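Single-letter residue listing:
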Amino acid sequence: TELIQAVNIDMNPSATSTDIARRTVIHYGYEFNYKTRSVDLEKPLPLMPDKLRMVCSRLRNESISSEEPDQITLNVYRPGQGIAPHVDTHSAFEDPLISLSLMSDTIMDFRHPDGQEVSVFLPRRSLAVLSGASRWVVF
């Protein structure tokens, strides 16, 4: 609950949000530019909330990530919303991509170019770590 309150755009004046592709996106650390498909390392955003920084530290301490994440993109989805199949930009982010589902269950669909499809149930408060083929090949 404290983490959800910390990242809530209405309760955190240092966060910036953008509405794109039928969802609200909140950036911490660096803002991902959806037009250029990159981040500008010369323009860091205000510090992320302490509770979110604690999660980043834990990801490193638990060896989920070799480094503490310095960029967070929060996607706020309303019921029935989602994003189109895609492979995340290679140049803007390092491996792994880490996805934390906070407030509700969801299903993440993976489609390989060879036609194979896999749906993964992600319960509320679950962490998905994507690397290798799940990060760079499937969408």
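Described below are features of the structure shown in this document. Just so we're clear, the structure is a prediction, and the values are computed from it rather than from any experiment. (Residues numbered from 1 in each chain as written. Predicted model: local features only at pLDDT ≥ 70, side-chain atom pairs only at ≥ 80, totals over all residues. Heavy atoms only, no water.)

Let's talk about the overall build of the chain
A tally of regular secondary structure across the chain gives 3 helices and 9 strands. The burial tally for the chain puts 27% of its 139 residues in the buried class. Within the chain, counting contacts between residues at least 6 apart in sequence, those at least 24 apart form 56% of the total. About 9400 Å² of surface is accessible on the chain, with carbon and sulfur atoms providing 51% of the total. (Helix = DSSP H or I, 4+ residues; strand = E, 2+ residues; numbered from the N terminus. Buried < 20%, exposed > 50% of the residue type's maximum accessible area, 1.4 Å probe, protein only. Contact = heavy atoms within 4.5 Å. Areas by Shrake-Rupley, 256 points an atom, 1.4 Å probe, with all protein chains shown as cover.)

Observations regarding the pattern of salt bridges
Applying the stated criterion to the full structure yields 3 salt bridges. Note that R53 is salt-bridged to D50, the shortest N-O span being 2.7 Å. Taken together, the residues span about one helical turn, with R53 and D50 both in helix α2 (residues 50-61) at a distance of 3 residues. Looking at R53, the relative accessible area reads 36%, which means it is partly exposed. Of the residues examined, D50 reaches a relative accessible area of 54% and is grouped as exposed. With a shortest N-O distance of 2.7 Å, R60 and E68 are connected by a salt bridge. On the basis of relative accessibility, which here comes to 35%, the residue R60 falls in the partly exposed class. (Salt bridge = Lys/Arg side-chain N within 4 Å of Asp/Glu carboxyl O.)

A closer look at the pairing of strand β9 (residues 126-130)
Only one face of β9 is buried, namely the one carrying S126, A128 and L130, since none of L127 and V129 on the opposite face is buried. Judged from the 5 bridges that link them, strand β6 (residues 97-101) and β9 form a sheet pairing that is antiparallel. Paired with L100 across the bridge in β9 is L127. (Pairing = 2+ DSSP bridges.)

Some thoughts on the side chain of S65
Relative to the helices and strands, S65 is located in the loop between α2 and β5 (72-76). Residue classification places S65 among the buried residues on the basis of a relative accessible area of 10%. A distance of 2.6 Å separates a polar side-chain atom of S65 from the backbone oxygen of E67. For S65, the contacting residues outside a window of four places in its chain are L59, R60, P96 and I98. (Polar contact = N/O pair within 3.5 Å; in protein donor to acceptor, adjacent residues only side chain to side chain.)

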